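# Analysis of the macromolecular model
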Amino acid sequence: MNLKNQRRLAADILGVGVSKVQIPQENSDLVSEALTREDVRILIHKGLIKKKIENAPSKSRIRVRLLQKRKGRHKGYGKRKGTHKAREPKKRLWISKIRAIRDEIRKLKSEGKILASGYRKIYRQAKGNLFHSRRHLREQIERMKT
């Protein structure tokens, strides 16, 4: 029984190569009667013609490597491809910095360490990139008071 044509049609319908089409021996007589594309499509729907499952490579080694990377391993200079700005964009650094500083300003205002009038001025200075960090902000406020 030659199932070459049916196998070719099935491969085209399933979107795989001819070698990935699986036709069980017990169904070969039914499959040989299928002449048109529609007949083959019906047989696929019934489950008489199947697609072989892909044998993908194991991800266990990748998972182990990711676990190690989370701990900080395998991140030295030899493993880095992009520039430091490509690995952590400037905008992302700015966002994390300004959020921390603005949070600190709000906290200082609620504690009463800065007045409402001074709050707006310090907020604008933060936007102008005057402060490097939370600590630098606190130091500057202490300097302003003296």
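Whatever comes next refers back to the structure up there.
To keep things clear, this report deals only with the structure shown in the data block. All of these numbers come straight from a predicted model, not from anything done at the bench. (Residues numbered from 1 in each chain as written. Predicted model: local features only at pLDDT ≥ 70, side-chain atom pairs only at ≥ 80, totals over all residues. Heavy atoms only, no water.)

## Some details on a positive patch on the surface
As a reminder, the rule being used: Patches here: salt-bridge-free residues with over 30% relative accessible area, like charges joined within 9 Å, nonpolar side chains (Val, Leu, Ile, Met, Phe, Trp, Tyr) joined within 5 Å. Note on areas: these come from Shrake-Rupley sampling with a 1.4 Å probe, and a residue is covered only by the protein chains present in the view. One side-chain nitrogen of Lys or Arg within 4 Å of one carboxyl oxygen of Asp or Glu is enough to make a salt bridge. Positive residues here are Lys and Arg, negative ones are Asp and Glu, while His and the chain termini are left out of the count. The atom standing in for a charge is NZ when the residue is Lys, CZ when it is Arg, CG when it is Asp and CD when it is Glu. Going along the chain from the N terminus, every DSSP run of H or I of four or more residues is numbered as a helix, and every run of E of two or more is numbered as a strand. Summary of the burial criterion: residues with accessible area below 20% of their type's maximum are buried, those above 50% are exposed, and those between are partly exposed, where the area comes from a 1.4 Å probe applied to protein chains only.
Together, Arg65, Lys69, Lys75, Lys79, Arg80 and Arg87 make up a region of like positive charge exposed at the surface. Its place among the elements puts Arg87 in helix α5 (residues 84-87). What makes Arg87 partly exposed here is its relative accessible area of 45%.

## Some details on unusual backbone geometry
Located in the positive-phi region is His74, a residue other than glycine, with phi close to 60 degrees. The topology assignment puts His74 in the loop between α4 (60-71) and α5. In this structure, Asn129 is a non-glycine residue whose phi angle is positive, near 65 degrees. Positionally, Asn129 belongs in the loop between α7 (116-127) and α8 (134-145). The partly exposed category is assigned to Asn129, whose relative accessible area is 41%.

## Here's the deal with the nonpolar core
Put simply, the rule reads: We define a nonpolar core as any set of buried Ala, Val, Leu, Ile, Met, Phe, Trp, Tyr and Cys residues linked to one another through side-chain atoms lying within 4.5 Å. For this analysis, residues touch if any pair of their heavy atoms sits within 4.5 Å.
With 13 residues, the main nonpolar core has Ala10, Val21, Ile23, Val31, Val40, Leu43 and Ile49 as its most contacted residues. Breaking this core down by element, the ones donating at least two residues are α1 (4-14) and α3 (37-46). The contact partners of Val31, leaving out residues within four places of it in the chain, are Leu3, Gln6, Ile23, Leu43 and Ile49. Ile101, Leu108, Tyr123 and Ile141 belong to the second largest nonpolar core, which has twelve residues in total.

## Here we look at α1
Three or more residues of α1 are buried, namely Gln6, Leu9, Ala10 and Ala11. Each element contacted by the buried residues of α1 is listed here: β1 (21-22), α2 (28-33) and α3. A positive backbone phi angle near 75 degrees is found at Gly15, which sits one or two residues after α1.

## Notes on the packing of α1 against α3
The test is simple: Inter-axis angles, ranging from 0 to 180 degrees, are taken between N-to-C directions of lines fitted to C-alpha atoms, where helices are fitted over the stretch in contact. Here the angle decides the label: under 35 degrees means roughly parallel, over 145 means roughly antiparallel, 65 to 115 means roughly perpendicular, and every other value means oblique. Here a crossing is called left-handed whenever its near helix is offset anticlockwise from the far helix by less than a right angle, and right-handed whenever the offset is clockwise. Lys, Arg, Asp and Glu make up the charged group, whereas Ala, Val, Leu, Ile, Met, Phe, Trp, Tyr, Cys and Pro make up the nonpolar group; the residues left over, Gly among them, are polar.
Remark: α1 packs on α3, axes separated minimally by 9 Å, with the N-to-C direction vectors making an angle of 70 degrees. When the axes of α1 and α3 are compared, the pair comes out roughly perpendicular. The crossing of α1 and α3 is right-handed. Residue-level inspection shows Gln6, Leu9, Ala10, Asp12, Ile13 and Leu14 of α1 in contact with α3, the latter providing Arg37, Val40, Arg41 and Ile44. Of the residues contributing to the contact of α1 with α3, the split by class is six nonpolar, one polar and three charged.

## Quick look at the side chain of Gln6
With respect to the element layout, Gln6 can be found in helix α1. Look at Gln6 and you get buried, because its relative accessible area is 6%. If we ignore the near neighbours within four places in the chain, the residues touching Gln6 are Val31, Ser32, Ala34 and Val40.

## Brief notes about the packing of aromatic side chains
Put simply, the test is: For this analysis, a ring pair means two rings from Phe, Tyr or Trp (six-membered ring only for Trp) whose centres lie within 6.5 Å, classed as stacked if their planes differ by under 30 degrees, edge-to-face if by over 60, and tilted for the remaining angles. By the criterion adopted, a ring carries a charge over it if an Arg CZ or a Lys NZ lies within 6 Å of its centre and within 35 degrees of its normal.
Tallying each qualifying case throughout the model produces one aromatic pair. A ring pair is formed by Tyr119 and Tyr123, whose centres lie 5.9 Å apart and whose planes are at 45 degrees; its orientation type is tilted. A residue pair is termed a helical-turn pair when its members lie 3 or 4 positions apart in one helix, as Tyr119 and Tyr123 do in helix α7 at four residues. Like Tyr123, Tyr119 is buried. Just above the ring of Tyr119 sits the side chain of Lys109; from NZ or CZ to the centre is 4.3 Å. Between Arg120 and the ring centre of Tyr123, over which it is positioned, the NZ or CZ distance is 4.7 Å.

Shape descriptors only; they carry no functional weight alone.
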